[in-house]
Amino acid sequence: MRFLGLGDNVVDIYESRQTMYPGGNALNFAVFARKLGFESAFLGAFGTDQIAEHVQSSAKAYEVDLSHCRIYEGENGYARVTLKDGDRVFLGSNRGGVLSQYGLTLSNKDVDYLKTFDLIHCNINGFSDDALPLIHQLGIPISYDFSSEFTEEDIKRVAKYIDIACFSCSHLTEDELKDLASHVAGYGCGGVLCTQGEQGAFLFTEGQCYRQPAHYIKARDTMGAGDAFLTCFLVHYYKALGNAADKTKAIKKALELAADFSAQQCLVEGSFGMGKKVDITEE
């Protein structure tokens, strides 16, 4: 199976370490899918600075296909972060760099490329929402990460085109999660995955609620843990859909694998390692 991350890439600059690590939800999805043994690609926009070069070389080291990415003159996306007891704390960003300036207009060649994938993953910070109606029309399954800072307008605009909506919801109660899932389903989205960090995760689909407890581990760095969970769940879930005699069993297995993969991610610095020293006064 083949999976595509469509949208954002960044580096996370850890100020205390003066080290940058490649990441971004769409790029993380592509890298994690490769780490899990699947073919994957990333389609996004890179700048022309050293940050962009580092992200590209890091993704290529994992054999992620970047063949349809754009390169624009200017800054690549970056965020400044620090760690507090192993948890990431964001300090600011350049809001996606060149991606936010130029976006991702898909060509006919891109459309033919998209047709070769079994699932396309997008997100609220990927500047790729304009592509959703087209991808939906092509009949390609879409997963979409709303993260934790979403609005009613975001849900209304996107949910009718996607198959699985992902949310970071540590601040919500179980009843509030159920209300959110019901609301999203009302717009036509068939599945809702809610991650809650150390509280675990919930999947709502076809009127059923599945709860997955977290696998506890002493975290070194929680950056990318949520992306690791959703990626592992999605790739194994879609892999199982074609031949699963027992869909419930397949869902539970995918959630269990995701909890383990996400826990192991907390032992990795940055989203997937590949740290590189940087003079933060220059970025």
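Residues numbered from 1 in each chain as written. Predicted model: local features only at pLDDT ≥ 70, side-chain atom pairs only at ≥ 80, totals over all residues. Heavy atoms only, no water.

S.K.: How would you sum up unusual backbone geometry? Please name residues and give values.
M.R.: A positive phi angle, near 50°, is found at Q18, a position not held by glycine. One non-glycine residue, S147, adopts positive backbone phi at about 60°. Looking at the element boundaries, S147 is found in the loop between β9 (142-145) and α6 (152-158). The exposure class of S147 is partly exposed, given its relative accessible area of 26%. (Helix = DSSP H or I, 4+ residues; strand = E, 2+ residues; numbered from the N terminus. Buried < 20%, exposed > 50% of the residue type's maximum accessible area, 1.4 Å probe, protein only.)

S.K.: Report on the pattern of salt bridges, specifying residues and quantitative values.
M.R.: Should the charged atoms of two oppositely charged side chains come close, the side chains can pair. Counted by the stated rule, this structure contains 11 salt bridges. Close ionic contact of R157 with D129 constitutes a salt bridge, the shortest N to O distance being 2.7 Å. A residue pair is termed long-range when its members are at least 10 positions apart, and R157 in helix α6 and D129 in the loop between β8 (119-123) and α5 (132-138) qualify at 28 residues. Among the residues examined, R157 registers a relative accessible area of 33% and is labelled partly exposed. Residue classification places D129 among the buried residues on the basis of a relative accessible area of 18%. Across the salt bridge formed by R157 and D154, the nearest N and O atoms sit 3.2 Å from each other. Of this pair, R157 and D154 both sit in helix α6, separated by three residues, roughly a single helical turn. Taking relative accessible area as the criterion, D154 reaches 12% and is therefore assigned buried. Shared partners join several salt bridges into a network, and the residues in it are R17, R220 and E269. (Salt bridge = Lys/Arg side-chain N within 4 Å of Asp/Glu carboxyl O.)

S.K.: Can you break down the environment of A259 residue by residue, with the values?
M.R.: Within the secondary structure layout, A259 lies in helix α9 (residues 247-265). Note on A259: relative accessible area 4%, which makes it buried. For the pair A259 and Y216, spaced 43 residues apart in sequence, the C-alpha to C-alpha distance is 9.1 Å. Residues in contact with A259, not counting those within four places in the same chain, are Q212, P213, H215 and F229. (Contact = heavy atoms within 4.5 Å.)

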